Amino acid sequence: MDRRFFIEKTALAAGAFLLSRKIESANRLQNLVDDKPQLKLSYNNDRKFKIVQFTDIHWKSAVPQSQEAVDCMNNVLDIEKPDLIFYTGDHVTGEPVAEGIDTILEPAVTHNIPFAVVLGNHDDELSMDRKAIYNQIRNLPGNLTSRVEGITGTTNFAIPIYQSSSERIMTVLYGFDSNRDSIESDQVNWYNKTSKEFTKINKENPIPSLAFFHIPLPEFREAIVDLDARFYGTRKEKVACASRNTGLFNAFKKNGDVMAVIVGHDHLNDYVVCWKEIMLCYGRVTGSRKTSHYNHPDGSNGARVIELTEGERGFESWIRLRTGEKIKPFIYPFDFIDK
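Residues numbered from 1 in each chain as written. Predicted model: local features only at pLDDT ≥ 70, side-chain atom pairs only at ≥ 80, totals over all residues. Heavy atoms only, no water.

S.K.: Give me the layout of surface pockets: which residues, what numbers.
M.R.: In this structure, the second largest pocket encloses a volume near 220 Å³. Along its surface, the second largest pocket is lined by 13 residues, and C274, K276, E277, F336 and I337 are the ones closest to its centre. When its residues are assigned to classes, the lining of the second largest pocket shows seven nonpolar, no polar and six charged. (1 Å grid on protein atoms, 1.4 Å probe; cavity = no way out; pocket = protein on both sides within 12 Å on 5 of 7 lines; lining within 4 Å. Points joined across faces, edges and corners; volume = space filled by probe spheres on them. Nonpolar A, V, L, I, M, F, W, Y, C, P; charged D, E, K, R; others polar.)

S.K.: Could you give me a rundown of the pairing of strand β11 (residues 278–282), with the residues and numbers involved?
M.R.: By the criterion of burial, β11 is predominantly enclosed, with five of the five residues buried. Neither face of β11 is exposed, since I278, L280 and Y282 on one face and M279 and C281 on the opposite face are all buried. Bridge count for strand β9 (residues 258–263) against β11 is four bridges, and the pairing is parallel. In the strand pairing of β11, V263 is matched with Y282. Bridge analysis of strand β10 (residues 272–275) against β11 gives four bridges, and the strand direction is antiparallel. Within β11, the position partnered with C274 by the bridge is M279. (Buried < 20%, exposed > 50% of the residue type's maximum accessible area, 1.4 Å probe, protein only. Helix = DSSP H or I, 4+ residues; strand = E, 2+ residues; numbered from the N terminus. Pairing = 2+ DSSP bridges.)

S.K.: Quick one: what's the story with the pattern of salt bridges, residue by residue and with numbers?
M.R.: By the definition in use, this model includes 11 salt bridges. Of the charged contacts, one joins R180 and D124 as a salt bridge, the two residues approaching to 2.8 Å between their closest N and O atoms. Taken as a pair, R180 in the loop between β6 (169–175) and α5 (185–201) and D124 in the loop between β4 (115–118) and α4 (130–137) lie far apart in primary sequence, 56 residues in all. For D124, a relative accessible area of 17% corresponds to the buried category. As a salt-bridge pair, E277 and K253 come within 3.9 Å of each other at their nearest N and O atoms. Of this pair, E277 sits in the loop between β10 and β11 while K253 sits in helix α7 (residues 248–255); the two residues are 24 residues apart in sequence, bridging distant segments of the chain. Residue class for E277 comes out exposed when judged on its relative accessible area of 59%. Ionic contacts of the salt-bridge type, sharing partners, join the residues D124, R130, D177 and R180 into one network. (Salt bridge = Lys/Arg side-chain N within 4 Å of Asp/Glu carboxyl O.)

S.K.: For α7, give the residues involved together with the corresponding values.
M.R.: Where α7 is concerned, the buried positions are L248, F249, A251, F252 and N255. One side of α7 holds all its buried residues, which, seen down the axis, span an arc of 160 degrees. One or two residues past the end of α7 sits G256, with phi positive at roughly 75 degrees. (Arc of directions from axis to C-beta.)

S.K.: Which residues make up the sheet that holds β10, and what values do they have?
M.R.: Taken in spatial order, the eight strands of this open sheet run β1-β5-β6-β7-β9-β11-β10-β8, and their pairing is mixed. With partners counted over all chains shown, the strands left at the sheet margins are β1 (41–42) and β8 (230–232), one partner each. Pairing between strand β7 (residues 209–212) and β9: four bridges, direction parallel. Bridge pairing in β9 places S209 opposite V258. In this fold α7 packs onto β7, β9, β10 and β11, with an angle of close to 140 degrees to the strand it touches most, β11. (Contact = heavy atoms within 4.5 Å. Axes fitted to C-alpha atoms, helices over the stretch in contact; angles between N-to-C directions.)

So, in structure tokens, the structure goes:
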């Protein structure tokens, strides 16, 4: 065989093999991630990507004060203009549930901002189960919520954020259904598989990631009593964490991708604590004082804001109150390491 012909054929074959492996990997990843196509998220031209977290809205149509939550969401979105909204559980706690879901998601839809939803422990206590809630939101404009068949929970998914100028995945956002109490071992196994696929796509380098869900992990309780852990924000109640430790935090550490966990559930806490080089973050309660029963020193519901910078393993975060005030800003990891 002619040597030049052999080299050309070999190169073409190698290229085809690598392409097929890349397509195969992408297909496996898609199967692990969701049950339908997603909108594509990318960093902006200024290399920034901003997320607003709304949590513990506890919407009750029969309680007029619930409107404070909608006012809060609209005010925060008008000020922050985020690229994504993450709703982290306990959204509607009064009938009619379907109407309440439409109401609390209306700020995202009317602002034309993509959103993702994970469910909390109270979301399926009324007339709609978790699957019915999921089916209602899945076809709304801008929805990025998806599910993985065959594992515990309804809202388990991963959302990639791409580089502003290429198809390279720069960040991954994980959503977990924390169910009525705990994230189960089969969900941890799904995360492990998905994380490894993302790492493989990124030439065996873990992709910086964030994880969003409702109920804190047991590590939140361990961290807050560790005198060496760096803590910032308001703590006015004990950690109401999952009753069982199914190993998700250890999986985050082992895989080396998740740099922060963002939760809700405990209405009187909005603090963050750096523990074992992972940020454990509470959101700010978004619901009204009447339905969410908060009593923060600064006296207002609000939202946590997270701003990522393309190519950096870290982020900035702060709380934006319904009143418009910005409080408790920090930079990770800069503010949590020895200078």
